[in-house]
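# Fold and geometry: a report
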Amino acid sequence: MAKSENSKLGKWNKTEHERFMKALQKYGKNWSLIQKAVSTRTLAQVRSHAQKLFLSMTKMELKSF
């Protein structure tokens, strides 16, 4: 997948992660809407970020999504 003009590579910064978390709360697992809310990452990057986040969370924490 080609990198789009407005997407970044590398570690997520605090602002991007906060936008991701707010969008996850608002949209659930609708990755397209979350990607639009974050705006600086591709859909694949958003899904990968979510997967890593979910792996680090406990089952109790995951129930809110």
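Calculation rules
- Residues numbered from 1 in each chain as written.
- Predicted model: local features only at pLDDT ≥ 70, side-chain atom pairs only at ≥ 80, totals over all residues.
- Heavy atoms only, no water.
- Buried < 20%, exposed > 50% of the residue type's maximum accessible area, 1.4 Å probe, protein only.
- Helix = DSSP H or I, 4+ residues; strand = E, 2+ residues; numbered from the N terminus.
- Arc of directions from axis to C-beta.
- Contact = heavy atoms within 4.5 Å.
- Phe/Tyr/Trp six-rings, centres within 6.5 Å; stacked < 30°, edge-to-face > 60°.
- Core = buried A, V, L, I, M, F, W, Y, C linked by side-chain atoms within 4.5 Å.
- Axes fitted to C-alpha atoms, helices over the stretch in contact; angles between N-to-C directions.
- Parallel < 35°, antiparallel > 145°, perpendicular 65-115°, else oblique.
- Salt bridge = Lys/Arg side-chain N within 4 Å of Asp/Glu carboxyl O.

### What to know about helix α2 (residues 31–38)
Buried within α2 are the following residues: Trp-31, Ile-34 and Val-38. The buried side chains of α2 occupy one side of the element, clustering within an arc of 60° when seen end-on. For α2, the elements touching its buried residues are α1 (14–27) and α3 (43–56). Positive backbone phi, at 70°, marks Ser-39, one or two positions downstream of α2.

### Considering the side chain of Thr-40
Summarising the element assignment, Thr-40 is placed in the loop between α2 and α3. A residue is classified by how much of its surface remains accessible, and Thr-40, at 17% relative accessible area, is buried.

### With respect to the packing of aromatic side chains
Inspection of the entire model under this criterion finds two aromatic pairs. When the ring of Trp-12 is compared with that of Phe-20, the centres are 5.8 Å apart and the planes differ by 80°; the resulting orientation is edge-to-face. The same class applies to Trp-12 and to Phe-20, which are both buried.

### Some words on the nonpolar core
In terms of nonpolar packing, the biggest core is built from twelve residues, these being Trp-12, Phe-20, Ala-23, Leu-24, Trp-31, Ile-34, Val-38, Val-46, Ala-50, Leu-53, Phe-54 and Met-57. Elements that contribute at least two residues to this core include exactly α1, α2 and α3. Setting aside its immediate chain neighbours within four residues, Val-38 contacts Trp-12, Glu-16, Arg-19 and Phe-20.

### Re the packing of α1 against α3
Running from N to C, α1 and α3 cross one another at 80°; their axes reach a closest spacing of 12 Å. Here α1 lies roughly perpendicular to α3, going by the angle between them. Here His-17, Phe-20, Met-21 and Leu-24 of α1 lie close against α3, whose contacting residues are Val-46, His-49, Ala-50, Leu-53 and Phe-54.

### As for the pattern of salt bridges
Side chains carrying opposite charge are able to pair once their charged atoms draw close together. All chains considered together, the criterion is met by two salt bridges. Here Glu-16 and Lys-8 are joined by a salt bridge, their closest N and O atoms 3.5 Å apart. In the salt-bridge network here, residues are joined through shared partners; they are Lys-8, Glu-16 and Arg-41.

Function-wise, these values are silent; they only describe arrangement.
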